[in-house]
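Descriptive structure summary
Residues per chain are reported as follows:
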Amino acid sequence: MTRIAFVIDPLDSLGVKKDSTLAMMWAAQRRGWDVTSLQTSELSWRQGEVLLSARQTELADSPDNLASSPDVRYQVSETIQQSAGSFDIVFMRKDPPFDMNYINTTYLLEQAEQAGVLVVNKPSSLRDCNEKFFTTAFPDLLPPQIVASRIDELTAFHNEHEDVVFKPLDGMGGKGIFRVKQDDPNLNVILETLTQNETTAIVGQQFIPEIRDGDKRILLIEGEPVPYSLARIPKAGETRGNLAAGGTGIARPLTDRDLEIAEAIKPELIRRGLVFTGIDVIGDWLTEVNVTCPTCVRELDRECGLDIAMELMDCLETKLT
């Protein structure tokens, strides 16, 4: 029997209505796999091996059914410490923040990988592929963009492009994103705040007006795109489409440009062992590559009659063999 361990946030904190990890756990369970879960604090190393203090975890029903009656969501066994080598797959699904705890966890997962465990996504790539900076590996796919910490450089970029979105390199869910138009009197204070007085690099991107049509999340399995995107439409008065910032998700078939972007980045994703990723596309431009804990599985499944998590489990089973 295939054994898969999910490294997650506390089970009680997962959003029953939309959490993508629950769909993955349910898909693995339907395959008859042994499903366990643990938190990052329950990984350890001793005497040459990585240990997982994990709990066998069984969902009572499909996540969609649980969402309507979440009284009994799952059953868990007692915690048992086991060698990482006793598992076939360890799936890192811990949400950011991408902090030192996250980085230290990748060190432990890397040793589990060296012991023959399939770790998704590849731990070294989780460390190396910052979700906003990783886009710079594909400069031809980007809107005019800058990564810098010096305010004079960032100001010059703003003067050139006049309408710019500034955001931190380590943000998520739309947090810390500012749209700064021409002659905005708050430009300096925004840059001082985001760069922490020129000590931290940030991203500046020319504003893309097509955000009105949605910030498209495209999910990729082993570099192959799911055939629909989730276009996250900003709410009235907003320029952020993130669902966490109040955006509304609408499923749409991929465009020719979406497919072109996916095909262009596929070789690099495969080379880096990034099995499950989510790219963000606004208009014709790539804006982010999400590698830590991509979401929107449940929304696309519901709107398009898909089973993305099962496709992902198919992929992992193929990689095991």
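Residues numbered from 1 in each chain as written. Predicted model: local features only at pLDDT ≥ 70, side-chain atom pairs only at ≥ 80, totals over all residues. Heavy atoms only, no water.

1. Remarks on the overall build of the chain
Along its length, the chain carries nine helices and 18 strands. The globule rule puts the C-alpha radius of gyration for 321 residues at 20 Å, and the 20 Å found for the chain is close to it. In terms of its C-alpha atoms, the chain occupies a principal-axis envelope of roughly 60 × 45 × 40 Å. Residues classed as buried in the chain amount to 53% of the 321 residues present. (Helix = DSSP H or I, 4+ residues; strand = E, 2+ residues; numbered from the N terminus. Rg over C-alpha atoms; globule rule 2.2 N^0.38 Å. Buried < 20%, exposed > 50% of the residue type's maximum accessible area, 1.4 Å probe, protein only.)

2. With respect to unusual backbone geometry
Along the chain, Pro96 connects to Pro97 via a cis peptide bond; the corresponding omega equals 25°. With an omega of -10°, the peptide bond between Val120 and Asn121 qualifies as cis. Inspection of the secondary structure puts Asn121 in the loop between β8 (118-120) and α4 (123-128). Even without a glycine there, the phi angle at Gln196 is positive, about 50°. The topology assignment puts Gln196 in the loop between α6 (187-194) and β12 (202-206).

3. Focus on the side chain of Asp19
Counting through the fold element by element, Asp19 comes out in the loop between β1 (3-7) and α1 (20-30). At 3.2 Å, the side chain of Asp19 and the backbone nitrogen of Leu22 are in polar contact. Those residues in contact with Asp19, other than ones at most four positions away along the chain, are Leu14 and Arg298. (Polar contact = N/O pair within 3.5 Å; in protein donor to acceptor, adjacent residues only side chain to side chain. Contact = heavy atoms within 4.5 Å.)

4. Some details on the packing of aromatic side chains
This model, assessed by the stated rule, comprises three aromatic pairs. Here Phe6 and Phe91 contribute two aromatic rings whose centre-to-centre distance is 5.8 Å and whose plane-to-plane angle is 15°, an arrangement assigned as stacked. Of the two residues, Phe6 sits in strand β1 while Phe91 sits in strand β7 (residues 89-92), which places them 85 residues apart along the sequence. Accessibility expressed as a relative area gives 0% for Phe6, which makes it buried. Residue placement shows Arg3 over the ring face of Phe87; its charged tip is 4.3 Å from the ring centre. (Phe/Tyr/Trp six-rings, centres within 6.5 Å; stacked < 30°, edge-to-face > 60°. Lys NZ or Arg CZ within 6 Å of the ring centre and 35° of its normal.)

5. Overview of the pairing of strand β4 (residues 49-59)
One face of the sheet, then the other: side chains in a regular strand alternate in exactly this way. With eight of eleven residues buried, β4 is to be regarded as a mostly interior element. As paired strands, strand β2 (residues 34-38) and β4 are joined by two bridges and run antiparallel to one another. Paired with Ser37 across the bridge in β4 is Arg55. Pairing of strand β3 (residues 43-46) with β4, which is carried by four bridges, proceeds in the antiparallel orientation. Pairing of Ser44 across the sheet is with Leu51, part of β4. (Pairing = 2+ DSSP bridges.)

6. Examining the pattern of salt bridges
Side chains carrying opposite charge are able to pair once their charged atoms draw close together. Here the structure, examined in full by the defined rule, presents 24 salt bridges. Between Lys132 and Glu288 there is a salt bridge; the shortest N-O distance is 3.6 Å. Of this pair, Lys132 sits in the loop between α4 and β9 (145-148) while Glu288 sits in strand β18 (residues 285-290), and the two are 156 residues apart along the sequence. Owing to a relative accessible area of 5%, Lys132 belongs among the buried residues under this scheme. Overall, the relative accessible area of 11% leaves Glu288 in the buried class. Three or more residues joined by partner-sharing salt bridges are found here, namely Asp215, Arg217, Arg232 and Asp280. (Salt bridge = Lys/Arg side-chain N within 4 Å of Asp/Glu carboxyl O.)

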